[in-house]
Amino acid sequence: MKKNLLLMENLSREDIEKIIDISMMLKTLHNLGFRKTEYLKNKFFLLLFEKPSTRTRLSFEVAITQLGGRFSTLNASDTQLSRGEPVKDFARVVSRYVDGIIARVKKHESLEELARYSAVPVINALSDREHPVQVLADVMTIKEKLGHVSGVNLAFIGDGQDNVLNSLMIAAGLLGINLYIATPRELWPNENYLLKAIKLAELSGGSINITTDPIEAVKEADIIYTDVWVSMGREEEADYRRKILRPYQVNMELLMKSNRKPLVMHCLPAIRGEEITDEVIESPQSIVFDQAENRLHVQKGLLYYLFSSHS
Ligand code: CP
Ligand code: NVA
């Protein structure tokens, strides 16, 4: 059956747990030197990018290759989309060629249209609304580092309207994470996400908490997470955001306010000196590069889960 991953809510708790288990198994094999499999033999993928990418693009390319599949990466600007070809035409044509589409788009609606008209599954490689594949890698990283996910205290400091945060909120609700968001009033999280996450948390035993005070959010944090203040596509608001988010920088002083020696996560790319300091990224508490590495392993787990005839 065709299963898209456009939003974190497209996955159940069970789906996420299975994907993480497969990813961890594939990582173990990878580290033992068993990198090449044939789980995606004869499968061809389109990677489509409307925005820049380092990690997402390369980790998907390596993942597909290591699983025995093939791909083509297209920058949207090189396709007829840039000359006005409707997304619905694009989707109907390319999905007759390929087995899956992985797309990073400016507007989430483009992804929805792509999925509506595509005959094959569509995976969100980041939109203005969510970044679910990032958060799958984040959950895997938390499980690896702390041994469990449910009951973890995770403080997100910064932009309350961040796309990664939206996916994190839903994952927290699904998986029983206690999420503490610290953000200025002006950037309060989207109400739909909040309500959905709170409802899910009621079932999973997690909690979603919001404050304007970063110190309050990190007090009992096992993990502190942040992302850039100016996401791709929000460049016009850059000055305003830098101003109101200045008190939300993740620096050594903030880390010291926590009772728990928290680990620090960032989806990267980071702007050192803005949302996070160089000192924090380079500190022993930072796990950002292990987190980035897990993008590869989780892409493999996800692709196996969605596309392999073995799953
Ligand atoms: N974290 C992340 O998605 O990085 P890229 O923008 O480099 O893909
Ligand atoms: N929130 C960031 C994430 C980059 C991976 C952005 O959308 O630019």
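Heads up: the structure comes first, above all this text.
Residues numbered from 1 in each chain as written. Chains lettered and ligands numbered in written order. Predicted model: local features only at pLDDT ≥ 70, side-chain atom pairs only at ≥ 80, totals over all residues. Heavy atoms only, no water.

A. How the structure looks around helix α6 (residues 163-175). When the terminal C-alpha atoms of α6 are compared, their 19 Å separation across 13 residues agrees well with the 18 Å that a helix rising 1.5 Å per residue should span. Where α6 begins, the side chain of D162 points an oxygen toward the backbone nitrogen of V164, at a separation of 3.1 Å. Looking one or two residues past α6, G176 carries a phi angle of roughly 80°, positive in sign. (Helix = DSSP H or I, 4+ residues; strand = E, 2+ residues; numbered from the N terminus. Expected span 1.5 Å × (residues − 1). Polar contact = N/O pair within 3.5 Å; in protein donor to acceptor, adjacent residues only side chain to side chain.)

B. Spatial organisation of the pairing of strand β3 (residues 100-104). For β3, the buried fraction is high: five of the five residues fall into the buried class. Going residue by residue along β3, you find G100, I102 and R104 tucked away on one face and I101 and A103 tucked away on the opposite face as well. In this structure, β3 lies alongside strand β4 (residues 122-124), joined through three bridges in parallel fashion. Residue I102 lies in a different strand from β4, and its bridge partner there is I123. Chirality of the crossover, the property in question, places the unit of β3, helix α4 (residues 108-117) and β4 among those that are right-handed. (Buried < 20%, exposed > 50% of the residue type's maximum accessible area, 1.4 Å probe, protein only. Pairing = 2+ DSSP bridges. Right-handed = clockwise from strand over helix to strand, strands pointing away.)

C. Representation of the site of ligand 1 within the structure. Taken together, S53, T54, R55, T56, R104, H131, Q134, C267, L268 and R295 make up the full set of residues adjacent to ligand 1. The side chain of R104 places a nitrogen or oxygen atom 2.8 Å from an oxygen atom of ligand 1. In the environment of ligand 1, an oxygen atom lies 3.1 Å from a nitrogen or oxygen atom belonging to the side chain of R295. Here ligand 1 has 250 Å² of accessible area as a free molecule, and 95% of this is covered by the chains. (Near = heavy atom within 4 Å. Areas by Shrake-Rupley, 256 points an atom, 1.4 Å probe, with all protein chains shown as cover.)

D. Just the pairing of strand β5 (residues 153-157), in detail. Across the five residues that make up β5, a large majority, five, are buried. Two elements, β5 and strand β6 (residues 178-182), share five bridges in a ladder whose sense is parallel. Bridge assignment links I157 to a residue of β6, and that residue is A182. Handedness of the β5-α6-β6 crossover: right-handed.

E. Inspection of the side chain of T211 at higher detail. With respect to the element layout, T211 can be found in strand β7 (residues 207-211). Judged by relative accessible area, T211 falls into the buried class, the value being 11%. Polar side-chain contacts of T211 include one of 3.2 Å to the side chain of E216.

F. Region of the structure containing the sheet that holds strand β9 (residues 263-266). The strand order across the open sheet built from five strands is β7-β6-β5-β8-β9, with neighbouring strands paired in parallel fashion. Whereas interior strands pair on both sides, the edge strands pair on one side only; in this sheet they are β7 and β9. Geometrically, the sheet is characterised by an average inter-axis angle of 20° between neighbouring strands, direction not taken into account. Its contacts with the sheet put helix α5 (residues 132-146) on β5, β8 (223-226) and β9, and the angle it makes with β9 is roughly 165°. (Axes fitted to C-alpha atoms, helices over the stretch in contact; angles between N-to-C directions. Contact = heavy atoms within 4.5 Å.)

G. Spotlight on the sheet that holds strand β2 (residues 70-75). Taken together, the four strands give an open sheet; going across it, the order is β2-β1-β3-β4, and neighbouring strands pair in parallel fashion. With partners counted over all chains shown, the strands left at the sheet margins are β2 and β4, one partner each. Taking the axes of each pair of neighbouring strands and ignoring which way they run, one obtains an average angle of 20° across the sheet. Its contacts with the sheet put helix α12 (residues 288-307) on β1 (44-49), β3 and β4, and the angle it makes with β4 is roughly 155°.

H. Molecular detail of the packing of helix α3 (residues 87-94) against α4. Where α3 meets α4, the closest approach of the two axes is 8 Å, and the angle between their N-to-C directions is 45°. When the interaxial angle is binned, α3 and α4 end up oblique. In this structure, α3 crosses over α4, and the sense of that crossing is right-handed. Here V87, K88, F90, A91 and R92 of α3 come into contact with α4, specifically with S110, E113, L114 and Y117. (Parallel < 35°, antiparallel > 145°, perpendicular 65-115°, else oblique. Left-handed = near helix turned anticlockwise from the far one by under 90°.)

I. Spatial organisation of a nonpolar patch on the surface. There is a patch of nonpolar side chains on the surface, built from L29, L32 and F34 and spanning about 310 Å² of accessible area. The topology assignment puts L32 in the loop between α1 (13-31) and β1. (Patch = residues over 30% accessible without salt bridge, like charges linked within 9 Å, V, L, I, M, F, W, Y side chains within 5 Å. Salt bridge = Lys/Arg side-chain N within 4 Å of Asp/Glu carboxyl O.)

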